[in-house]
Amino acid sequence: MSSAFPEIYLVRHGETEWSASGRHTGRTDIPLTAKGEEAARGVADCLKGVTFQAVWSSPSQRAFDTCRLAGFGANAVKKADLQEWDYGAYEGVATKEILAVRPGWQLFRDGCPNGETAADVGARADAIIGELRPVAGNVLIFSSSHFLRVLAARWIGLPPQGAEHFVLDTASLSILGYEHDLTEPVIRRWNQR
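All values derive from a computational prediction rather than experimental measurement. (Residues numbered from 1 in each chain as written. Predicted model: local features only at pLDDT ≥ 70, side-chain atom pairs only at ≥ 80, totals over all residues. Heavy atoms only, no water.)

Visitor: Requested: an account of the packing of aromatic side chains, with residues and values cited.
Guide: For the structure on display, the rule yields nine aromatic pairs. On the numbers, 6.4 Å between centres and 40° between planes, the contact of phenylalanine 72 with phenylalanine 142 is tilted. Of this pair, phenylalanine 72 sits in the loop between helix H3 (61-69) and strand S3 (76-78) while phenylalanine 142 is found in strand S4 (residues 139-143), placing the two residues 70 residues apart along the sequence. Looking at phenylalanine 72, the relative accessible area reads 14%, which means it is buried. Given a relative accessible area of 0%, phenylalanine 142 falls into the buried group. In this structure an aromatic cluster arises from ring pairing among Tyr9, Phe52, Phe72 and Phe142. It is lysine 78 that lies over the ring of phenylalanine 64; its NZ or CZ is 4.4 Å from the centre. (Phe/Tyr/Trp six-rings, centres within 6.5 Å; stacked < 30°, edge-to-face > 60°. Helix = DSSP H or I, 4+ residues; strand = E, 2+ residues; numbered from the N terminus. Buried < 20%, exposed > 50% of the residue type's maximum accessible area, 1.4 Å probe, protein only. Lys NZ or Arg CZ within 6 Å of the ring centre and 35° of its normal.)

So this is what it looks like as structure tokens:
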């Protein structure tokens, strides 16, 4: 399913202790597990034969280590706007625990106390999209789940809250691109392992 137009390859970081247990991991910088490192190395196989004009990574250890283990660390540029959602008071807390004290809470609708809202993350995603559109070639991005979900939603013109309908597994690969011309952004593949 190759395209004549540039494609944006999105890679969610490999597993960490917190991603495995469902804890919100925004700005806490924790390493990959051994399983996460193995999966990150496996990303390289999915990207064989693809040429990239640029490789960008979140500055987080988990994203950059995934990038490095996949074989792209030497060419990667760290971009602050690719950081995961700032969960504020919910950093390190699982959704189940949040719902116990705040029934009905939804990240994409309600945001996080002392953290970011969906609009905040959407503004960062829009800035990244502004940098992506003029690139005349494929771009490879390593980041985290909720940010990449918002990036995909904004890519196809949905509000940031529309990201609630996308799910990303650790060490998954997704591809954004275009259909008939550069005015028709689409999601070409999603959450592949």
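Visitor: Before we move on, can you summarise the sheet that holds S3 with the specific residues and values?
Guide: Taken in spatial order, the six strands make up an open sheet running S3-S2-S4-S1-S5-S6, and their pairing is mixed. The open sheet has two free edges, formed respectively by S3 and strand S6 (185-192), since each of these has just one partner strand. Each strand axis lies, on average, 20° off the axis of its neighbour in the sheet, ignoring direction. Where strand S5 (residues 173-178) and S6 come together, five bridges link them in antiparallel fashion. Note on S6: the bridge partner recorded for tyrosine 178 is proline 185. (Pairing = 2+ DSSP bridges. Axes fitted to C-alpha atoms, helices over the stretch in contact; angles between N-to-C directions.)

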